[in-house]
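A look at the structure
Given next are the chains, with one letter for each unit.
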Amino acid sequence: MSDDSFIREVNEEIRRDQAHALWDRFGPALLVLAVLVVLGTAAVVGYRYWDETRANRSGDTFSQALKLANDGKNDEALAALEGLEKDGYGAYPLLARMRAATVKADKGDVDAAVKDFDEVAADTKIPSGIRDMARLRAALLLVDHGSFADVSSRVEALAADTNTLRHTAREALGLAAWKEGKAADALKLFDQIAADDGAPRNTRERATLMSELIRGSGGVS
């Protein structure tokens, strides 16, 4: 046997011994790590499937409730929405609360609808944008079923120049003021809307018509 062959065999034996020693030392831990990786991957995939399934189920229930409401089956729609409020997943319980209030208003139970919107508006766990929308929905109902003070208490803050909901808030305030004979206050609000380039076109057109109506009625100069 040549020296080179002998050296190679010795080196191979040393490498085998080192590999064996490394396996004895780290092999069990590597096996455990491999098992954990597999289990972790399975858990993530399983959770995603479970999460998606729950969301899809809630989405289907919400869609069915909307169809019932659109078909005029308000009682059945409310039952479905109330179930979704209790057992729904993700954003669907909140969507169900808002839609249920609208269905109650459509049934003629305005007091219950306003109460539901007010409860959403007062819930600090809900994002502020949704709470503001609930305030606005309550105010719009109260234009016909409440006083100017009722409307103002809900949307006065939303009428600020920097608020994205200011156009509809001002419209609600203007209509409520006009209904109570506060023509000057109503005119000021409608003129603000009509002059606001950020207002939707149809909102500005309605405001312009209301301004012309108020001026034509002789209530203000």
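Everything in this summary refers to the structure shown in the same document. (Residues numbered from 1 in each chain as written. Predicted model: local features only at pLDDT ≥ 70, side-chain atom pairs only at ≥ 80, totals over all residues. Heavy atoms only, no water.)

In terms of regular secondary structure, the protein is built from 9 helices and 0 strands. Walking the protein from its N terminus toward its C terminus, one meets helices and strands in the order α-α-α-α-α-α-α-α-α. Of all 221 residues assigned to the protein, the portion counted as buried reaches 34%. Of the contacts formed within the protein by residues at least 6 apart in sequence, a portion of 46% connects residues at least 24 apart. Accessible area for the protein stands at about 13,800 Å²; split by element, carbon and sulfur atoms hold 56% of it. (Helix = DSSP H or I, 4+ residues; strand = E, 2+ residues; numbered from the N terminus. Buried < 20%, exposed > 50% of the residue type's maximum accessible area, 1.4 Å probe, protein only. Contact = heavy atoms within 4.5 Å. Areas by Shrake-Rupley, 256 points an atom, 1.4 Å probe, with all protein chains shown as cover.)

It is worth spelling out the packing of aromatic side chains at this point. Here the structure, examined in full by the defined rule, presents 1 aromatic pair. A ring pair is formed by Phe-62 and Tyr-92, whose centres lie 5.9 Å apart and whose planes are at 55°; its orientation type is tilted. Separated by 30 residues along the polypeptide, Phe-62 in helix 1 (residues 3–70) and Tyr-92 in helix 3 (residues 92–107) bring together distant segments of the chain. Given a relative accessible area of 14%, Phe-62 falls into the buried group. On the basis of relative accessibility, which here comes to 24%, the residue Tyr-92 falls in the partly exposed class. (Phe/Tyr/Trp six-rings, centres within 6.5 Å; stacked < 30°, edge-to-face > 60°.)

Here we take up the environment of Lys-73. Note that Lys-73 resides in the loop between helix 1 and helix 2 (74–87). Each C-alpha atom, one on Lys-73 and one on Val-103, is 9.6 Å from the other, the two residues being 30 residues apart in sequence.

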